[in-house]
2 protein chains.
Amino acid sequence: MSSPTATAKGYGISNTSNYTDFSVQEFKLKTPHADDVTLDIEVCGVCGSDVHTLTGGWGDLSAPWVVAGHEIVGKVTHVGDNVKEFKVGQRVGVGAQVLSCLKCDRCNGDNEQYCPEQVDTYNAKFPDGVESQGGYSTAIRTHQRFVFAIPDAIKSEDAAPMLCAGLTVFSPLVRNGAGPGKTVGIVGIGGLGVNFAIQFAHHLGAKVIVFSHSPNKKDDALSLGADEFVSTSEDGFADKYFDKIDYILSAADANSIPLGDLLSTLKVDGKLTSVGLPDEAWEGLKPQMMASNAACVGCSHVGSKKEANQMLKLAAEKGIKPIIDEVLPMSQAAKAIESVKNNTVRYRYVLKQDLA
Amino acid sequence: MSSPTATAKGYGISNTSNYTDFSVQEFKLKTPHADDVTLDIEVCGVCGSDVHTLTGGWGDLSAPWVVAGHEIVGKVTHVGDNVKEFKVGQRVGVGAQVLSCLKCDRCNGDNEQYCPEQVDTYNAKFPDGVESQGGYSTAIRTHQRFVFAIPDAIKSEDAAPMLCAGLTVFSPLVRNGAGPGKTVGIVGIGGLGVNFAIQFAHHLGAKVIVFSHSPNKKDDALSLGADEFVSTSEDGFADKYFDKIDYILSAADANSIPLGDLLSTLKVDGKLTSVGLPDEAWEGLKPQMMASNAACVGCSHVGSKKEANQMLKLAAEKGIKPIIDEVLPMSQAAKAIESVKNNTVRYRYVLKQDLA
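Just so it is clear, the model here is predicted, and its values are computed rather than measured. (Residues numbered from 1 in each chain as written. Chains lettered and ligands numbered in written order. Predicted model: local features only at pLDDT ≥ 70, side-chain atom pairs only at ≥ 80, totals over all residues. Heavy atoms only, no water.)

J.: Honestly, the overall build of chain A in this entry has me stumped. Any pointers?
T.: A tally of regular secondary structure across chain A gives 9 helices and 20 strands. Its C-alpha radius of gyration of 20 Å places chain A within 12% of the 21 Å reference for a compact globule of 356 residues. Across its three principal directions, the C-alpha atoms of chain A cover 65 × 40 × 35 Å. Counting all 356 residues of chain A, 59% fall into the buried class. Sequence separation of at least 24 residues holds for 71% of the intrachain contacts in chain A that already meet a minimum separation of 6. Here chain A displays about 13,300 Å² of accessible surface, and carbon together with sulfur accounts for 46% of that area. The averaged location of the 42 negative side-chain charges in chain A is 5 Å from the averaged location of its 33 positive side-chain charges. (Helix = DSSP H or I, 4+ residues; strand = E, 2+ residues; numbered from the N terminus. Rg over C-alpha atoms; globule rule 2.2 N^0.38 Å. Buried < 20%, exposed > 50% of the residue type's maximum accessible area, 1.4 Å probe, protein only. Contact = heavy atoms within 4.5 Å. Areas by Shrake-Rupley, 256 points an atom, 1.4 Å probe, with all protein chains shown as cover. Lys, Arg positive; Asp, Glu negative; His and termini not counted. Charge placed at Lys NZ, Arg CZ, Asp CG, Glu CD.)

Structure, rendered in structure tokens:
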């Protein structure tokens, strides 16, 4: 079998102070392995994580030049000898993770996203030292465990945002029982997958209550499948929902949401998961706030391949797709990044290949 | 049937600034109801809650004069016409709750401790306005739902601390699956039921790891059934326990425990419940601290009658009993309260009747 391409080109930055100063450079792809899949990138979603990383909000860059992007859809150009699941020409996706040890209990238990040796799609390093670079680029190579087949029914630009934003909300929803007979609260309608969260919770069979401080998103929420829309800026908004909610998924900056009020709506032993990762700690969270119903608050990190496949199947069957603000050529990444940074993005930007 | 006694005498205080200035006064018991059980009090445990209340740490007193104590064991002197479960002369106990609505889903679902109309055993009011007064007194009357039969195998002074401290740890342990094949972490060995937590978790069949900053309690912990004792003052104490613990129960002042390290020991989707209720919020708790294993932190509030009966049965069968520092005459309540307040109590004081 022929050797796969060794390099790709991408839009990267070198300095978090100039986080929209993208330069096009060539970079080395992952050292090829018999389990690897190489793909030419067609589209890449712009995720809040990209902005946190490029602006330095989550710390310094791990390499002198970093390509962001981990909502990647493209076409397979090469597969290693061990790869049976994919073939050249097939449309596939890569999300926020590109490797794990694949040997530990977590990896063997469909929890590879919680493997302590997990490697992020960009701004990280493979075990051999090669830098991982993201999807604002021409190609990516990674282990087949972290590659997902995209169903024909889903357009590439609709599939891309599912692979981080979608999976990030789908995994905790299914793990926490969102389904028939359950009432799920969704908090923080905005970029990070909330439009997916509403749709997934609805199509999984749950009753969906959206809690939002953006009343102008009410129509969107209801049209996506929310049963009720509650404005959290109204005093006493939570009273009516006391003991009504089985599970709450928050994609908001959790340190600024009305945590006490939201927790009061949970049934006994209920849970609130925050997939929003604000820079600051939760403000004023006391055990007492969960004493009246044995509630708990937790977090979650993307999802497993098993969950990704389950999500893509559901999306294909139910016609679930994101609301996309605009599909831009990749060279306009700066516009998308600025818009996410300034919170003028309504839901999601997707970048389309223009380097290849 | 004869009318039950209308009043009792107790040791109460009027001013949180002089929280050991007990006076003996007569007070009105709960207005009798056909579902009520009246008992003469034999012993009463001294709980951390008593100190929080008497010192004003949890707020002002709700009445001009308050009798603390909610770990009560005594003998039935009267039962209402609807009471079939208990008979006069029987040894019974009352814990931290004396009423709830008994009509809502929570009450009907063995979650009466989470009923929004729950009435605390002292420093609260019954719906008709009568003040609830605690067990540093000669008698108490309450609804049969909040009265527990004490098995013959358990001595009164051993049973008393089970009714708040014991139940407070037993309920979350059983709700969160402590049992064979599970590893449970216990944090904050001290007054609030940790000696029960170790014993219950052990006798429920779980492997028990105690995390403590008091190395001088190691022998006690191991003798009570802990499989391992970990000193949290050693750097990197948590490393060895990465991904090893299914569930953590903390009875410590949670805002000062090494929360990040402890959470790192949890398996995927694990949980830490704090039954300690510090006055301050958790310091620096961020969703990120739970992103690597989808962990969560929560709280819990005493337990249901169903759980109390299950606990007392287990304790009787397994010979579980608290470590008691001293059984004091009730007139020495001040000594016990000061000792809990100054943290010189090792585990528990129990007060013995001396007014009747």
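J.: What should I look at first to understand the sheet that holds strand β14 (residues 228–231) of chain B in this one?
T.: Note on sheets: strands pair through backbone hydrogen bonds, and any given pair is parallel or antiparallel. If you trace the 12 strands from one edge of the open sheet to the other, you get β15(A)-β14(A)-β13(A)-β16(A)-β17(A)-β18(A)-β17(B)-β16(B)-β15(B)-β12(B)-β13(B)-β14(B), paired in mixed fashion. Two strands lie at the open edges of the sheet, namely β15 (228–231) of chain A together with β14 of chain B, each paired on one side alone. With direction set aside, neighbouring strand axes in the sheet form an average angle of 20°. Note: strand β12 (residues 183–187) of chain B against strand β13 (residues 207–212) of chain B, 5 bridges, orientation parallel. Bridged to B:Thr183 within β13(B) is B:Lys207. Helix-sheet contacts for helix α4 (residues 165–175) of chain A involve β13 (183–187), β16 (245–250) and β17 (266–274) of chain A together with β16 (266–274) of chain B, and the interaxial angle to β16(A) is about 160°. Across the sheet, helix α4 (residues 165–175) of chain B is in contact with β17 of chain A together with β12, β15 (245–250) and β16 of chain B; its angle to β15(B) comes to roughly 160°. (Pairing = 2+ DSSP bridges. Axes fitted to C-alpha atoms, helices over the stretch in contact; angles between N-to-C directions.)

J.: Is there a simple way to think about the relation of the copies chain A and chain B in this case?
T.: Comparison of the two chain copies shows a relationship of rotation about an axis with a shift along it. You can overlay chain A on chain B at an RMSD of 0.0 Å; the transform is a turn of 180° with a shift of 0.1 Å along its axis. In short, the pair behaves as if placed about a two-fold rotation axis. Closest to the rotation axis within chain A is the C-alpha of A:Val297, separated from it by 2.7 Å. With an isologous cut-off of 70% or more, the 100% of interface residues of chain A that recur at the interface of chain B puts this contact in the isologous class. (Least-squares fit on C-alpha atoms with pLDDT ≥ 70 in both.)

J.: Could you clarify how one ought to interpret the sheet that holds strand β4 (residues 66–67) of chain A in this entry?
T.: Read across the open sheet, the 3 strands follow the order β2-β1-β4 (chain A); overall the sheet is antiparallel. Two strands bound the open sheet, and with one partner strand each, they are β2 (23–28) and β4 of chain A.

J.: Explanation requested: the domain arrangement of chain A in the structure shown.
T.: Residue and element names in this part refer to chain A. Partitioning chain A into structural domains gives domain 1 (7–164 + 303–352) and domain 2 (166–299). The distance between the C-alpha centroids of domain 1 and domain 2 comes to 27 Å. Listed per partner, the contact involves 28 residues of domain 1 and 24 residues of domain 2. In total, domain 1 and domain 2 occlude about 2,200 Å² of area from one another, counting both sides; carbon and sulfur atoms represent 57% of this. Taken together, domain 1 and domain 2 are joined by 1 salt bridge. Close ionic contact of Glu-307 with Arg-175 constitutes a salt bridge, the shortest N to O distance being 2.7 Å. Between domain 1 and domain 2 we count 12 residue pairs in polar contact (both at pLDDT 80 or more) in total. Each residue belonging to the side of domain 1 that touches domain 2 can be placed in one class, and the counts come to 14 nonpolar, 7 polar and 7 charged. (Domains from an automatic or database assignment. Buried area = accessible area lost by both parts, 1.4 Å probe. Salt bridge = Lys/Arg side-chain N within 4 Å of Asp/Glu carboxyl O. Polar contact = N/O pair within 3.5 Å; in protein donor to acceptor, adjacent residues only side chain to side chain. Nonpolar A, V, L, I, M, F, W, Y, C, P; charged D, E, K, R; others polar.)

J.: Teacher, can you tell me more about helix α9 (residues 333–341) of chain A here?
T.: What sets the pattern is the α-helix's 3.6 residues per turn: residues three or four places apart point alike. All names here are of chain A. The complete set of buried residues in α9 reads Ala-333, Ala-336, Ile-337, Ser-339 and Val-340. Seen end-on, α9 carries its buried residues on one side only, within an arc spanning 165°. On its buried face, α9 sits against β3 (36–46), α1 (48–54), β19 (326–329) and β20 (349–352). (Arc of directions from axis to C-beta.)

J.: Just to check I follow, could you spell out the side chain of A:Arg145 for this structure?
T.: Residues and elements named next belong to chain A. Mapped onto the fold, Arg-145 is located in the loop between β11 (139–143) and β12 (147–149). A polar contact of 2.8 Å, which involves the side chain of Arg-145, links it to the backbone oxygen of Cys-107. At a separation of 2.7 Å, a polar atom in the side chain of Arg-145 contacts the side chain of Glu-112.

J.: Before we go on, may I ask you to explain the pairing of strand β3 (residues 36–46) of chain B in this structure?
T.: Sheet faces and side chains relate simply in a regular strand, where the side chains alternate between the two faces. Residues and elements named next belong to chain B. Burial within β3 is extensive, with 9 of its 11 residues counted as buried. Here 5 bridges tie β3 to strand β10 (residues 139–143), and the two strands are oriented antiparallel to one another. What sits directly across from Val-37, in β10, is Thr-142. Note that β3 and strand β4 (residues 72–79) share 7 bridges and pair antiparallel. The partner of Thr-38 across the bridge, within β4, is His-78. With 4 bridges joining them, β3 and strand β19 (residues 349–352) adopt antiparallel strand pairing. Looking across to β19, one finds that Val-43 is bridged to Lys-352.

J.: Looking at this structure, I do not really get unusual backbone geometry. What am I missing?
T.: Only a minority of non-glycine residues have a phi that is not negative, and only a minority of peptide bonds are not trans. Residue and element names in this part refer to chain B. A positive phi angle, near 65°, is found at Asp-269, a position not held by glycine. Given a relative accessible area of 37%, Asp-269 falls into the partly exposed group. Phi at Asn-343 is positive, roughly 60°, even though this residue is not glycine. Tracing the backbone shows Asn-343 in the loop between α9 (333–341) and β19. Residue classification places Asn-343 among the exposed positions, given a relative accessible area of 64%.

J.: Help me understand the environment of B:Lys305 in this model?
T.: All names here are of chain B. Relative to the assigned elements, Lys-305 resides in helix α8 (residues 305–318). Here the alpha-carbon distance between Lys-305 and Ala-252, two residues 53 residues apart in the chain, equals 25 Å. Contacts of Lys-305, omitting those with residues within four sequence positions, involve Glu-85, Phe-86, Glu-112, Gln-144, Arg-145, Val-147 and Phe-148. Among the polar contacts listed, one links the side chain of Lys-305 to the side chain of Glu-85, at a separation of 2.8 Å.

J.: Explanation requested: the environment of A:Pro161 in the structure shown.
T.: Residues and elements named next belong to chain A. Secondary-structure assignment places Pro-161 in the loop between α3 (156–159) and α4. Classification of Pro-161 as buried rests on a relative accessible area of 0%. Note: C-alpha distance between Pro-161 and Leu-259 (98 residues apart in sequence) is 27 Å. Setting aside residues no more than four positions away along its own chain, Pro-161 makes contact with Glu-71, Gly-166, Phe-196, Pro-322, Arg-348 and Val-350.

J.: Help me understand the interface of chain A and chain B, please; the structure alone is not making it clear to me.
T.: Accessible area lost upon the coming together of the parts is a frequently used measure of interface size. Taken together, the contact between chain A and chain B spans 38 residues of the former and 38 residues of the latter. For the pair chain A and chain B, the two sides together bury roughly 2,900 Å², of which 60% comes from carbon and sulfur. At the junction of chain A and chain B, the tally comes to 4 salt bridges. Salt-bridge contacts for B:Arg175 lead to A:Asp269; the nearest nitrogen and oxygen are separated by 3.2 Å. Along the contact surface separating chain A from chain B lie 11 residue pairs in polar contact (both at pLDDT 80 or more). Taken together, the elements giving at least two residues each to the side of chain A that touches chain B come down to β17 and β18 (296–299) of chain A. The residue makeup of the side of chain A that touches chain B, split by class, is 19 nonpolar, 10 polar and 9 charged.

J.: For this particular structure, what's the right way to read a negative patch on the surface?
T.: A contiguous patch of negative charge on the surface is contributed by A:Glu234, A:Asp235, A:Asp239 and A:Asp261. Note on placement: A:Asp235 falls in the loop between β15 and β16. (Patch = residues over 30% accessible without salt bridge, like charges linked within 9 Å, V, L, I, M, F, W, Y side chains within 5 Å.)

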